[in-house]
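# Working through the structure, step by step
Take a look at the letters that make up each chain.
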Amino acid sequence: MAVAGRDGDQVDTFFAESSSTASVATAPSHHHIVGKPRTMSYAPLAAVRDRITVGVPLPFNVRNADGTLLLARDQRIDCRETLEALFERGSLVDLAELHSPAERVRSAPRDLLPELWNDCFERVNDVLRDCGHERFRDALADAAEPVVALIERDPDLAIFQVMRQDDSPLVQYGVNHSLHTAIVCRLVATRLGWDADSTHRVFKAALTMNVSMLGLQGELAFQPTPPTREQREAIVSHPLRSVEMLRASGIVDADWLAAVAQHHEVPDGSGYPLGLTEIGDLAQLVRRADIYTAKLSPRSSRDGITADRAGREMFMSEPGHPMIAALVKEFGLYPPGCFVMLASGEIGMVVRRGHAVNNPIVAVMTTAKGTPCAEPLRRDTSFPAYAVKSVLPARHMPVRVQHHMLAQLVS
C-alpha cells in the first residue's frame, strides 16, 4: 500500500512561514435510546422472515400484536411450525431493532450525536477489557461499527472527541487513548487516500494496540513519578503481548497483527520491542497518531499540550512526511474543541475546521470585555478582525462548555 497524501504543500508552506418494512403500529414505551424516551414503531414479523433461521438465535425481540414481549433476542425458534404460527398470529418486531448500529447513527437527530459518542466510549471500554475471550472478535466488530459511522457522519465532532479530554477519568486513560488514536488513524488514512480495507484495518490496529496494558496506562496517568523497572518492562513488551491476546481471541489478520506488533518500532532501529527497521505503513501511521494523541492527553502531573503546539511539534519532527502533512492538514492548527482567543479579544471554542489549517470557525462565548455572551456567536477567523490570536488551556476558559452544546454550535 503506497503512502500518498493531498494538500501537503499548503501545510509545508504554512509551517515554513510560521430493510424494506412498513410500520404497522406504534406504542409508547419507557425503553430509552441515549437517555431519551421514544415511541416504538413495529413491523410484521412476516415482513422480515428472511432474517430468521430455525434453530439460530433471533437477531431481535419478537412481540405480540399488543407489543408485549413473546421471545427475547437470542432465543431460538426450534421448528418451522412454530415460526409459521408466529407469522399467523400477527407477531411484531420493533423497527429500531432492524437497523444496524451504523444505520441508527446515520439516521439519529444531530442533537443525539454527543450521547451516541458517549455510548460508544463505554461500549469500547467494556469490549477492550475483555480481550482474550472467545467472543471478543465479534464484540469488537459490533463496537467499532457505530464509531466508524459517527466519524463518517461528522468528522469535526469526531475530532472534538480527541481534543476534549479534560473530563475523562484518568483510570480510563488506556481505553480512551486507544479510541482517540483510532479516530486519528481513520481520519488521516482517509485523507491519504488509502483503500477501504487498509483504512479499516489501521483503525482496528490502533483500537487494539494496547490491550495488554490498559490498566497500566491508567496507573501511569495517575503516577507522578517515572515508571518503575517492572513497569518499563511491561511497556516494552506490550506490543507482542497484545498480539498474543488478539490471537487468543481469534484474530488472524496478519496485517492487523503486524501493525500492533510494530506500532512502537522506528525506521532507524531505535524503537521497541525488536528494534526493526522495516516497518509496515499501518504501524507507521498508528505510531504517529499515538504520539500526537499522547501529546494532547493530560496526566495527573501535567496538562495536555495545546493543539497548535502539538501540530507544530509533529511537523518539525518529520517535516514533509506525507503522513504528518496529512495529520496536520486534517486537524488543522486549531481543531474543533480547542479554546482560543481572537484578535477581537473574544474567547470561544473552535467548532469547525476552516478552508485553511489556521482559519477555523469559532463559537465565541465571551465578549472582548470578558463577559459571557447571551448566546454563542459564530466567527470566521479568516477575517483579520477575528483571527486566532492564541490557544487557551481549558482551565482558562471562563465559561464551562457542556459536550452536548457542540452539536448545536456546529450546525
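What comes next is a walk through the structure. (Residues numbered from 1 in each chain as written. Predicted model: local features only at pLDDT ≥ 70, side-chain atom pairs only at ≥ 80, totals over all residues. Heavy atoms only, no water.)

### A closer look at the sheet that holds strand β6 (residues 339-342)
Formally: Two strands form a pair only when DSSP identifies at least two bridges running between them. Starting at the N terminus, helices and strands are each numbered in turn, a helix being any DSSP run of H or I of at least four residues and a strand any DSSP run of E of at least two. For helices, the axis comes from a line fit to the C-alpha atoms of the stretch in contact; other axes are also lines fit to C-alpha atoms, and the angle between any two N-to-C directions lies between 0 and 180 degrees.
Taking strand neighbours across the sheet as the criterion, the five strands line up as β9-β8-β7-β6-β10 in an open arrangement whose pairing is antiparallel. Pairing within the sheet leaves two strands with one partner each, and these edge strands are β9 (372-380) and β10 (388-392). Strand-to-strand twist of the sheet, defined as the mean angle between neighbouring strand axes without regard to direction, takes the value 35 degrees. Where β6 and strand β7 (residues 347-352) come together, three bridges link them in antiparallel fashion. Directly across from F339, in β7, lies its bridge partner M349.

### Observations regarding unusual backbone geometry
Excluding glycine, residues mostly carry a negative phi; peptide bonds, for their part, are mostly trans. The peptide bond linking Y272 to P273 adopts the cis configuration, its omega dihedral lying at 10 degrees. Take P273: it is sitting in the loop between α11 (254-262) and α12 (281-296). We note that D74 has phi near 80 degrees; this positive angle belongs to a residue other than glycine. One can find D74 in the loop between β4 (69-71) and α2 (80-88).

### Some words on the environment of G271
Going by this rule: Any two residues having at least one pair of non-hydrogen atoms within 4.5 Å are treated as being in contact.
The topology assignment puts G271 in the loop between α11 and α12. With 35 residues separating them along the chain, G271 and V236 place their C-alpha atoms 9.5 Å apart. In this structure, G271 is in contact with H264, E265 and V266, ignoring residues within four places of it in sequence.

### Regarding a negative patch on the surface
The cut-off we apply is this: Patch members must show over 30% relative accessible area and no salt bridge, and they are joined within 9 Å when carrying like charges or within 5 Å when they are nonpolar side chains of Val, Leu, Ile, Met, Phe, Trp or Tyr. All accessible-area figures derive from a Shrake-Rupley calculation using a 1.4 Å probe, and residue coverage is judged against the displayed protein chains alone. Salt bridges are defined by distance alone: a side-chain nitrogen of Lys or Arg within 4 Å of a carboxyl oxygen of Asp or Glu. In this tally, Lys and Arg are treated as positive and Asp and Glu as negative; His is ignored, and so are the chain termini. A charge is said to be at NZ when it belongs to Lys, at CZ for Arg, at CG for Asp and at CD for Glu.
The grouping of E115, D119, E122, D126 and D130 at the surface amounts to a negative patch. For D130, the location among the structural elements is in the loop between α4 (113-128) and α5 (136-153).

### Here's the deal with the packing of aromatic side chains
The line we're drawing: Here a Phe, Tyr or Trp ring, Trp counted by its six-membered ring, pairs with any other such ring whose centre lies within 6.5 Å, and the pair is stacked when the planes are under 30 degrees apart, edge-to-face when over 60, and tilted otherwise. Partly exposed describes any residue whose relative accessible area lies between the buried limit of under 20% and the exposed limit of over 50%, with all areas from a 1.4 Å probe on protein chains only and scaled to the type maximum.
Scanning the model with the defined rule gives two aromatic pairs in all. Relative to F121, the ring of W117 has its centre 6.2 Å away and its plane inclined at 50 degrees; by these criteria the two rings are tilted. In this pair, W117 and F121 are both assigned in helix α4, four residues apart and thus about one turn of the helix distant. Residue F121 is classed as buried on the basis of its relative accessible area of 13%. A ring pair is formed by Y292 and F331, whose centres lie 5.2 Å apart and whose planes are at 75 degrees; its orientation type is edge-to-face. Of this pair, Y292 sits in helix α12 while F331 is found in helix α14 (residues 322-331), placing the two residues 39 residues apart along the sequence. By the burial criterion, Y292 is buried, and F331 matches it.

### Brief notes about the pattern of salt bridges
Scanning all chains against the criterion turns up 16 salt bridges. A salt bridge links D255 to R201; the nearest nitrogen and oxygen atoms lie 3.9 Å apart. With D255 in helix α11 and R201 in helix α8 (residues 196-208), this pair connects stretches of sequence that are 54 residues apart. With a closest N to O distance of 2.8 Å, E346 and R379 form a salt bridge. Taken as a pair, E346 in the loop between β6 and β7 and R379 in strand β9 lie far apart in primary sequence, 33 residues in all.

### Observations concerning α14
By the criterion of burial, α14 is predominantly enclosed, with nine of the 10 residues buried. Just past α14, the residue G332 takes up positive phi, approximately 70 degrees.

### Remarks on the packing of helix α6 (residues 155-163) against helix α7 (residues 173-192)
Two numbers describe a pair of packed helices, the interaxial angle and the distance between the axes. In plain terms, the rule: Helix crossings get a hand from a simple test, with the near helix turned counterclockwise from the far one by less than a right angle marking a left-handed crossing and a clockwise turn marking a right-handed one. Polarity classes work like this: nonpolar for Ala, Val, Leu, Ile, Met, Phe, Trp, Tyr, Cys and Pro, charged for Asp, Glu, Lys and Arg, and polar for all others, with Gly in that last group.
At a minimum axis distance of 9 Å, the contact between α6 and α7 shows a crossing angle of 145 degrees. Every pair of crossing elements has a handedness; the one defined by α6 and α7 is left-handed. Mapping the contact onto sequence places P155, A158, I159, Q161 and V162 in α6 and H180, I183, V184 and L187 in α7. Residue classes in the contact of α6 with α7 are distributed as seven nonpolar, two polar and no charged.

By themselves these figures say nothing about function.
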